[in-house]
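Summary of the model geometry
Next come the chains, spelled out residue by residue.
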Amino acid sequence: MTTRIRFLLQLGFTLLVCLFMIVPVVMSALAGLTENYFVGLKSGLTLRWVNDVWQLYADTIWLSIRLALACLTVTVLLGVPAAYGLLRSRRRWANAIEEALLLPVAVPGLATALALLLAYGHYREFRDSWLFILVGHVLFTLPFMIRPVLSVMRTARLPQLEEAAASLGAGFWRRFLTVVVPNCMSGILAGALMVVTLSIGEFNITWMLHTPLTKTLPVGLADSYASMRLEIGSAYTLIFLVMIVPLLVAIQWAGRLTVQHH
Amino acid sequence: MTSSVSITLERCGRTFANGHTALHPLDLSIAAGETLVLLGPSGCGKTTTLRIISGLESPDAGGRVRFGERDVTQRPIEKRDVGMVFQNYALFPNMSVADNIAYGLKIQRLPATEIRQRVDEVMAMVDLQGFGERRIDALSGGQKQRVALARAIAVRPKVLLFDEPLAALDAKLRDRLRIEIGQLLRELNITAVYVTHDQAEAMALGDRIAVMQAGRIAQLGTPQEIYHRPSSAFVADFIGAVNRLEVIGSRPQGRLVVHGGELHGPHLSGLPSIYCRPEDIQIVETNVAAIQGCVIQSVFLGQTQRLMVDTGSSTPLQVDAPSREHWRVGEVIGLTIPPEVLFHPEQCNSQRDVQEVAHG
Ligand SMILES: Nc1ncnc2c1ncn2[C@@H]1O[C@H](COP(=O)(O)OP(=O)(O)O)[C@@H](O)[C@H]1O
Ligand SMILES: [Mg+2]
């Protein structure tokens, strides 16, 4: 009997915590769909605000998607060979470099952005283009690609597999493309989802680096909160959620896949 | 099949960056089509030697590796035409069985029909028909090693290299696969180097065996030579069981006094100790025995039993007796050892020298 009571208490507490966290999300989403938030749901549901957001901020959404995909491409192209290099290099060096790579994650984004502005801000063309923001995003997300790839590489017995491939006549590039890359796919996948999610949601660095013509979704979001009706800000949030939640689910799924694999 | 090639190592040593000398400079010739087994305890340098032959490791400066007449010292492994089979299979987990086997053939840019035909052919050779579409992780250890073998021979290499390929398998499977590998090596008539720490495997597979000890070749010879005429106490001990009898006195006409009695061994006079194998000692009635002792333990081995006999020396004498005989602990046992089965490693060396001179 007492175990049953204890179970019910625990269940109640868990539900309460969940509610505490979920209610604001639901409220915000609903706010974006109600005619008038201050009147409440009885004013009726509408897609007007979503539509308004699309009219006002479609550019930011496209830019965020473009940035995320570009960032993904760059981090895969840099991160996978970098992880491989770390795998092959001496342990001591590898650890030092891995830690150095984490710096942009540990240092506040504003500081990273300021450093970028000081160093490259005077190249006007570059500074005004979205590529400037891309550099910031790559700096920030690269370790999230390298780490899972490296950890999968470390468990995959790659040196052995490469030796076998070499004995069959495979040169370096063939080994890299047919043995190394396919055997750390689960790490690349996990890293890719992480990179895309972080890039889409990144605010600190982007806010410092953006220009009126290079606004991303989170920057637009801050903008709308500050200057628009509450319903528009909420509708905007809703769009953001619709983009990011499937990615988060996919991250969980990829994580499980990686664990199963080894 | 590509015609097989001889392998020559000249002064090949290997000292690692940490200063550890895994291999002292050694010379070794392996004839075309021969199977050479590198045998020795863990850490004696077998893998290092194999990796130098394969090209995965370079010998220290001054060392040379030749395949036939060709110096391949500077060639990386992918240009050496060697097939390798590793202890832990090293199969590509991202490919099916057939794709694993076809990997090297695709690199050779053979036409697709020929690749398919060759894959089928080698899968039949290793008894894996119908497994082509299987995933690697859906195979047993024995099947994995067959795939690895098939993958290595599919490209028709000049040399096949094995690094303890059976060490991860259980005993029954190990025996079966050992026999199959032996048959395959004979069929292919390919030059092969086979690393193992298992003496039974070495004797079954090797045309010759190189027994290694601490980075050196302790003895190189046919299995019979290694077993019956070991060149050192280490080799004698490593290959099978051996008794060392201390000679505590000598009598005229080559009679040697040992603990428990006297032996006839005119060819061994003057040596401080003599050696013999447990299976060469005969059990006889005590009244005609050369040596007597007392059974202190019997270890049942299946096809035979090994008796530990106390003759008064510091270590008991090991004697093989028929499996069905019953020996009680404490029972007195009579033994004789014919002179021709008695040996001494140093004596084996000088005999060999004499033979070599005679042949030379
Ligand atoms: N890369 C390496 N660096 C340093 N020492 C090594 C390296 N590879 C092997 N060794 C050492 O060299 C010796 C011989 O190794 P190995 O050839 O693998 O022996 P075996 O195959 O006979 O067990 C061992 O003592 C081993 O620890
Ligand atoms: Mg080894």
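Residues numbered from 1 in each chain as written. Chains lettered and ligands numbered in written order. Predicted model: local features only at pLDDT ≥ 70, side-chain atom pairs only at ≥ 80, totals over all residues. Heavy atoms only, no water.

1. Considering the overall build of chain B
Tallying secondary structure elements over chain B gives 9 helices and 19 strands in all. Principal-axis analysis of the C-alpha atoms places the extent of chain B at approximately 75 × 45 × 40 Å. For chain B, the proportion of its 360 residues judged to be buried stands at 50%. Pairs at least 24 residues apart make up 65% of the contacts formed inside chain B by residues separated by at least 6 positions. (Helix = DSSP H or I, 4+ residues; strand = E, 2+ residues; numbered from the N terminus. Buried < 20%, exposed > 50% of the residue type's maximum accessible area, 1.4 Å probe, protein only. Contact = heavy atoms within 4.5 Å.)

2. As for the site of ligand 1
Residues and elements named next belong to chain B. Phe16, Asn18, His20, Ala22, Pro41, Ser42, Gly43, Cys44, Gly45, Lys46, Thr47 and Thr48 make up every residue found near ligand 1. In the model, an oxygen atom of ligand 1 is placed 3.1 Å from a nitrogen or oxygen of the Gly45 main chain. In this structure, an oxygen atom belonging to ligand 1 sits 2.9 Å away from a main-chain N or O atom of Lys46. Considering ligand 1 on its own, with 560 Å² of exposed area, one finds that the protein chains cover 62% of that surface. Residue contributions to the shell around ligand 1 peak at 3 residues, all from helix α1 (residues 46-54). Looking at the shell around ligand 1, its residues break down into 4 nonpolar, 7 polar and 1 charged. (Near = heavy atom within 4 Å. Polar contact = N/O pair within 3.5 Å; in protein donor to acceptor, adjacent residues only side chain to side chain. Areas by Shrake-Rupley, 256 points an atom, 1.4 Å probe, with all protein chains shown as cover. Nonpolar A, V, L, I, M, F, W, Y, C, P; charged D, E, K, R; others polar.)

3. Overview of the pairing of strand β19 (residues 332-336) of chain B
Residues and elements named next belong to chain B. With 4 of 5 residues buried, β19 lies mostly within the body of the structure. Summarising the sheet, strand β15 (residues 282-284) and β19 pair through 3 bridges and their orientation is antiparallel. By the bridge assignment for β19, Val284 is matched with Gly334. For strand β16 (residues 291-300) and β19, the ladder comprises 4 bridges, and the chain directions are antiparallel. Looking at the pairing, Cys294 lines up with Val332 of β19. (Pairing = 2+ DSSP bridges.)

4. Quick look at the sheet that holds strand β8 (residues 191-196) of chain B
All names here are of chain B. Within the open sheet, the 6 strands sit side by side as β6-β7-β8-β3-β9-β10. Their pairing is mixed. Bordering the open sheet on either side are β6 (82-85) and β10 (216-221), each of which pairs with just one other strand. Ignoring which end each strand starts from, the neighbouring axes of this sheet average 15 degrees apart. Relative to β8, strand β3 (residues 35-39) runs parallel, the two sharing 5 bridges. Across the sheet, the residue bridging to Leu38 is Val195, located in β8. In the packing of helix α5 (residues 171-188) onto the sheet, the strands contacted are β3, β7 (159-163) and β8, and the crossing angle to β7 comes to about 165 degrees. (Axes fitted to C-alpha atoms, helices over the stretch in contact; angles between N-to-C directions.)

5. Section: the packing of helix α2 (residues 48-88) of chain A against helix α10 (residues 185-201) of chain A
For any two helices packed against each other, one specifies the inter-axial angle together with the distance between the axes. All names here are of chain A. Relative to each other, α2 and α10 sit at 140 degrees, their axes nearing to 9 Å. Seen from above, α2 lies across α10 with right-handed handedness. Here Ser64, Leu67, Ala68, Cys71, Leu72, Thr75, Val76 and Val80 of α2 lie close against α10, whose contacting residues are Ile188, Ala192, Val195, Val196, Ser199 and Ile200. Here the contact of α2 with α10 is built from residues that sort into 11 nonpolar, 3 polar and no charged. (Left-handed = near helix turned anticlockwise from the far one by under 90°.)

6. A short note on the UniProt feature "domain: ABC transmembrane type-1" (unreviewed entry) in chain A
As recorded in UniProt, the sites labelled "domain: ABC transmembrane type-1" (unreviewed entry) are residues 61-251 of chain A. The span residues 61-251 of chain A is 86% helical and 0% strand by assignment, and the distance between its end C-alpha atoms comes to 21 Å. (UniProt positions renumbered as here; feature names shortened; annotations may be inferred.)

7. What about the domain arrangement of chain B?
All names here are of chain B. Once the domains are mapped, chain B shows domain 1 (7-237) and domain 2 (242-342). Each of domain 1 and domain 2 has a C-alpha centre, and these two points are 40 Å apart. Contacts between the two partners involve 6 residues from domain 1, matched on the other side by 4 residues from domain 2. In this assembly, domain 1 packs against domain 2 so that about 430 Å² is buried in total across both faces, 41% of it on carbon and sulfur atoms. Its largest share of buried area at the contact with domain 2, domain 1 owes to Tyr227, Ala233 and Ala236, together 82% of the area lost on that side. (Domains from an automatic or database assignment. Buried area = accessible area lost by both parts, 1.4 Å probe.)

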